[in-house]
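Now for the letters of each chain:
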Amino acid sequence: MRVSPTKLIAQLGNPVVTDALVVSLKTTLAAQALILAIGTPTAFVLASHRFRGRSLVVTLVELPLVLPPAVAGIGLLAAFGRTGLLHSSIAFTQTAVVLAVAFVASPLYVRAAIAAFEGVDAKLIAASRTLGAGPYRTFFRVVLPLARGGLLAGAALAFARGLGEFGATIMFAGSLRGVTQTLPLAVYSQFDVNFDVALAVSALLVLISAALLVTLKWLPSAPTSRFRFATSS
């Protein structure tokens, strides 16, 4: 209401906005790849196996959902900072942004993936193995296609959460323009400097979030699951 659409669009050409958009896309896509690569096998194991300590593992996977983002950032800094547990130089780099985004967004994908994998009929998996397919071929040719709807929904939610990540990123990676300053950090940095730019970036994030939600409406429904996340045995 305060800024016309024309002015909002014009502000999107501001170098601050374009730099933040590039950083956000690069880091969020990299984090998404990391989440898919690690989260998919993790979810499949948790969905298909019962073992001692499973409840603890599930709780650790879900922990970032309830952990304050600033606390998550401090934890990552304590682990990967120069004076941290691993004495690495990851902090305040784009790699730090990727790790922060992956840390806070991964539970959304893993939870959806577990539900999707548990929704796959075990008889179809057994039939595939009976017909001579090995575990890997069964996973890629039977399990993944059947769980695709739930996996895509979880991936979309994780991507949206990662794109809007703020607290853990600013604590662990800082807000260096063109390096670690993502779209949410650009909103914060421009709030007192140029409110029109902050509005433009906010509008862009709203449009992206709305597009992702609309996409979710068109995805196949995720299979139902009896999985009880934090209390499963």
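Residues numbered from 1 in each chain as written. Predicted model: local features only at pLDDT ≥ 70, side-chain atom pairs only at ≥ 80, totals over all residues. Heavy atoms only, no water.

Novice: Help me understand the overall build of the chain, please; the structure alone is not making it clear to me.
Specialist: When its secondary structure is counted, the chain shows 10 helices and 0 strands. For the chain, the residues scored as buried account for 40% of the 233 residues in total. Of all intrachain contacts in the chain linking residues separated by at least 6 positions in sequence, the fraction that spans at least 24 positions is 75%. Counting only carbon and sulfur atoms, one obtains 68% of the accessible surface of the chain, whose full area is about 12,700 Å². Here the chain contributes 18 positive and 7 negative side-chain charges, whose respective centroids are spaced 12 Å apart. (Helix = DSSP H or I, 4+ residues; strand = E, 2+ residues; numbered from the N terminus. Buried < 20%, exposed > 50% of the residue type's maximum accessible area, 1.4 Å probe, protein only. Contact = heavy atoms within 4.5 Å. Areas by Shrake-Rupley, 256 points an atom, 1.4 Å probe, with all protein chains shown as cover. Lys, Arg positive; Asp, Glu negative; His and termini not counted. Charge placed at Lys NZ, Arg CZ, Asp CG, Glu CD.)

Novice: Looking at this structure, how should I read the confidence of the model for the chain?
Specialist: Should the pLDDT be low somewhere, the predicted coordinates at that spot are not to be read in detail. Per-chain confidence: the chain averages 87 in pLDDT, with 93% of residues scoring 70 or above. Confidence, expressed as mean pLDDT per element, reaches its minimum in the chain at helix α1 (residues 5–11) with 80 and its maximum at helix α5 (residues 94–118) with 95. (pLDDT = per-residue confidence, 0-100.)

Novice: Quick question: what am I supposed to make of the layout of surface pockets here?
Specialist: One way to see where empty space is left: roll a probe the size of a water molecule over the atoms. Each pocket or cavity is described by its volume, and for the largest pocket that value is around 340 Å³. Among the elements of the structure, α2 (15–48), α3 (54–66), α4 (69–80) and α5 are those that each provide at least two residues to the lining of the largest pocket. Among the residues forming the lining of the largest pocket, the class breakdown is 13 nonpolar, 3 polar and no charged. (1 Å grid on protein atoms, 1.4 Å probe; cavity = no way out; pocket = protein on both sides within 12 Å on 5 of 7 lines; lining within 4 Å. Points joined across faces, edges and corners; volume = space filled by probe spheres on them. Nonpolar A, V, L, I, M, F, W, Y, C, P; charged D, E, K, R; others polar.)

Novice: In this structure, what is going on with unusual backbone geometry? I would like to understand it.
Specialist: With the exception of glycine, most residues fall at negative phi, and the peptide bonds are largely trans. Positioned with a positive phi, H87 is a non-glycine residue whose angle comes to about 50°. You can see H87 is positioned in the loop between α4 and α5. Not every positive phi belongs to a glycine, and F92 is a case in point at roughly 65°. Examined against the element boundaries, F92 turns out to sit in the loop between α4 and α5. Owing to a relative accessible area of 42%, F92 belongs among the partly exposed residues under this scheme.

Novice: Hey, could you run me through the nonpolar core in this one?
Specialist: A general tendency of soluble globular proteins is for nonpolar side chains to be buried together. The biggest cluster of nonpolar side chains holds 33 residues, and the ones touching the most others in it are Y109, F117 and L151. Broken down by element, the residue count for this core peaks at 14 residues, all from α5. Aside from chain neighbours lying at most four places away, what touches Y109 is I35, L36, G39, T40, L151, G154, A155 and A158. A20, L183, V187 and L205 belong to the second largest nonpolar core, which has 14 residues in total. (Core = buried A, V, L, I, M, F, W, Y, C linked by side-chain atoms within 4.5 Å.)

Novice: For this particular structure, what's the right way to read the environment of V98?
Specialist: Structurally, the position occupied by V98 is in helix α5. C-alpha of V98 to C-alpha of A33: the two residues are 65 residues apart in sequence and 10.0 Å apart in space. If near-sequence neighbours (up to four positions away) are discounted, V98 is found in contact with T27, A30 and A31.

Novice: In this structure, what is going on with empty space enclosed by the protein? I would like to understand it.
Specialist: A complete count under the given rule lists 1 cavity of 30 Å³ or more for this structure. The computed volume of the largest cavity comes to approximately 30 Å³. Around the largest cavity sit S24, T27, T28, V97, V101, G162, L163, E165 and T182, which together line it. It is α2 that contributes the most residues to the lining of the largest cavity, 3 residues altogether. Residues that form the lining of the largest cavity fall into these classes: 3 nonpolar, 5 polar and 1 charged.

Novice: Got a minute to help me understand the environment of A122 in this structure?
Specialist: One can find A122 in helix α6 (residues 122–130). In this structure the C-alpha to C-alpha distance between A122 and V197, which are 75 residues apart in sequence, comes to 53 Å.

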